[in-house]
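Each chain is listed here by its residues.
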Amino acid sequence: MTWVEAPGTPWWFIVLLTVAGAAVGEVLRRRLACGGYRLDDEGGPLPRVSSRIVPVALGLLWGLLAWRLGPLSGWALTPAYLGFAFVAVALAWIDADVHRLPRGLTRPAYPLLVVQLAIASVASGDWEALRRAVIAGVVLWVVYFALALGAALLGSGFGYGDVTLAGLVGLATGYVSVGTTLVASYAAFILAGIYGVVRLVARRGTRKDDIAFGPWMLLGLLISLVVQVRPLF
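Okay, so let's go over this structure. (Residues numbered from 1 in each chain as written. Predicted model: local features only at pLDDT ≥ 70, side-chain atom pairs only at ≥ 80, totals over all residues. Heavy atoms only, no water.)

Once that is clear, we can look at the packing of helix α6 (residues 160–174) against helix α8 (residues 214–227). At a minimum axis separation of 10 Å, α6 and α8 run at an interaxial angle of 5°. Between α6 and α8, the interaxial angle falls into the category roughly parallel. Contacts from Asp162, Leu165, Ala166, Val169, Ala172 and Thr173 in α6 reach Gly214, Met217, Leu218, Leu221, Ser224 and Leu225 in α8. Of the residues that constitute the contact of α6 with α8, the class distribution is 8 nonpolar, 3 polar and 1 charged. (Axes fitted to C-alpha atoms, helices over the stretch in contact; angles between N-to-C directions. Helix = DSSP H or I, 4+ residues; strand = E, 2+ residues; numbered from the N terminus. Parallel < 35°, antiparallel > 145°, perpendicular 65-115°, else oblique. Contact = heavy atoms within 4.5 Å. Nonpolar A, V, L, I, M, F, W, Y, C, P; charged D, E, K, R; others polar.)

Structure representation (structure tokens):
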């Protein structure tokens, strides 16, 4: 399978999923805007960014994924990434707000994503892609777990929620290629680093401040899927 872009994706399919994503995003926005995901000790004002960005982001994500994936694997691959995009937008919003990635979202996403990727492999016969996804998910989870252990010893804010998310990122990118997983990983650290430097220069934070890493992991994932590196093996 060549991961450059979906051949002959109909324009109406892209438009349809963009509109559908915005509609689903509006439902999600209403759930997030009230801050119902917050725990009792997570007070403070709600995010300054308007929640209207949620349906816009999800609509654009669904349209972009429709354009990139479209009829690949007999149209069976797109749903896997649409579902994960829904979870990703919710996780990015929550992590940016309270620096927490709820297990109630990340853990159920594992079987959901694996099953949908398996369906795509059934449709395409590409079981190598599924094997690669599982391996990438495990490897990325182990790497982030090691980083979280080191961060705990140093008193850093790198959390185990990022570890759980890392496995999902590995699954989603590994199905495409090993290179896609690498691009997503490097992009996350580079973007988070740039954000941290900008905060310091603008004097809106200090070096001791914790930075929500989940949104950068998910943005790195998006960048890697747009680039869509060809499979290395």
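Among the nonpolar cores identified, the biggest contains 60 residues, and Tyr81, Leu117 and Tyr175 are the most heavily contacted of them. Of all the secondary-structure elements, those providing two or more residues to this core are α1 (11–33), α2 (53–69), α3 (78–98), α4 (103–124), α5 (127–154), α6, α7 (178–201) and α8. At 13 residues, α3 tops the list of elements feeding residues into this core. (Core = buried A, V, L, I, M, F, W, Y, C linked by side-chain atoms within 4.5 Å. Buried < 20%, exposed > 50% of the residue type's maximum accessible area, 1.4 Å probe, protein only.)

Let us now look at a nonpolar patch on the surface. Residues Val134, Val138, Trp141, Val142, Phe145, Leu149 and Tyr160 make up a contiguous nonpolar surface patch of about 590 Å² in total accessible area. If one sorts the elements of the nonpolar patch by residue count, α5 sits on top with 6 residues. Within the element layout of this structure, Val142 appears in helix α5. Taking relative accessible area as the criterion, Val142 reaches 47% and is therefore assigned partly exposed. (Patch = residues over 30% accessible without salt bridge, like charges linked within 9 Å, V, L, I, M, F, W, Y side chains within 5 Å. Areas by Shrake-Rupley, 256 points an atom, 1.4 Å probe, with all protein chains shown as cover. Salt bridge = Lys/Arg side-chain N within 4 Å of Asp/Glu carboxyl O.)

A few words on the packing of aromatic side chains. Inspection of every chain in the model, using the stated rule, returns 8 aromatic pairs. Judged by centre distance (5.1 Å) and plane angle (5°), the ring pair of Trp141 and Phe145 falls under stacked. Placement of both Trp141 and Phe145 in helix α5 is noted, with a separation of 4 residues, approximately one turn of the helix. Assessed through its relative accessible area of 30%, Phe145 is described here as partly exposed. Taken together, a centroid distance of 4.9 Å and an interplanar angle of 50° make the contact between Phe189 and Phe213 tilted. With a gap of 24 residues between them, Phe189 in helix α7 and Phe213 in the loop between α7 and α8 connect regions that are remote in the sequence. Relative accessible area serves as the criterion here: at 8%, Phe213 is assigned to the buried category. Aromatic ring contacts, followed pair by pair, group Trp12, Phe13 and Trp75 into a single cluster. (Phe/Tyr/Trp six-rings, centres within 6.5 Å; stacked < 30°, edge-to-face > 60°.)

To continue, consider empty space enclosed by the protein. All chains considered together, the criterion is met by 1 cavity of 30 Å³ or more. The calculated volume of the largest cavity comes to roughly 30 Å³. Taken together, Leu140, Tyr144, Val169, Ala184, Ser185, Ala188 and Met217 form the lining of the largest cavity. Secondary structure elements with two or more residues in the lining of the largest cavity: α5 and α7. Top element by residues in the lining of the largest cavity is α7. It accounts for 3 residues. (1 Å grid on protein atoms, 1.4 Å probe; cavity = no way out; pocket = protein on both sides within 12 Å on 5 of 7 lines; lining within 4 Å. Points joined across faces, edges and corners; volume = space filled by probe spheres on them.)

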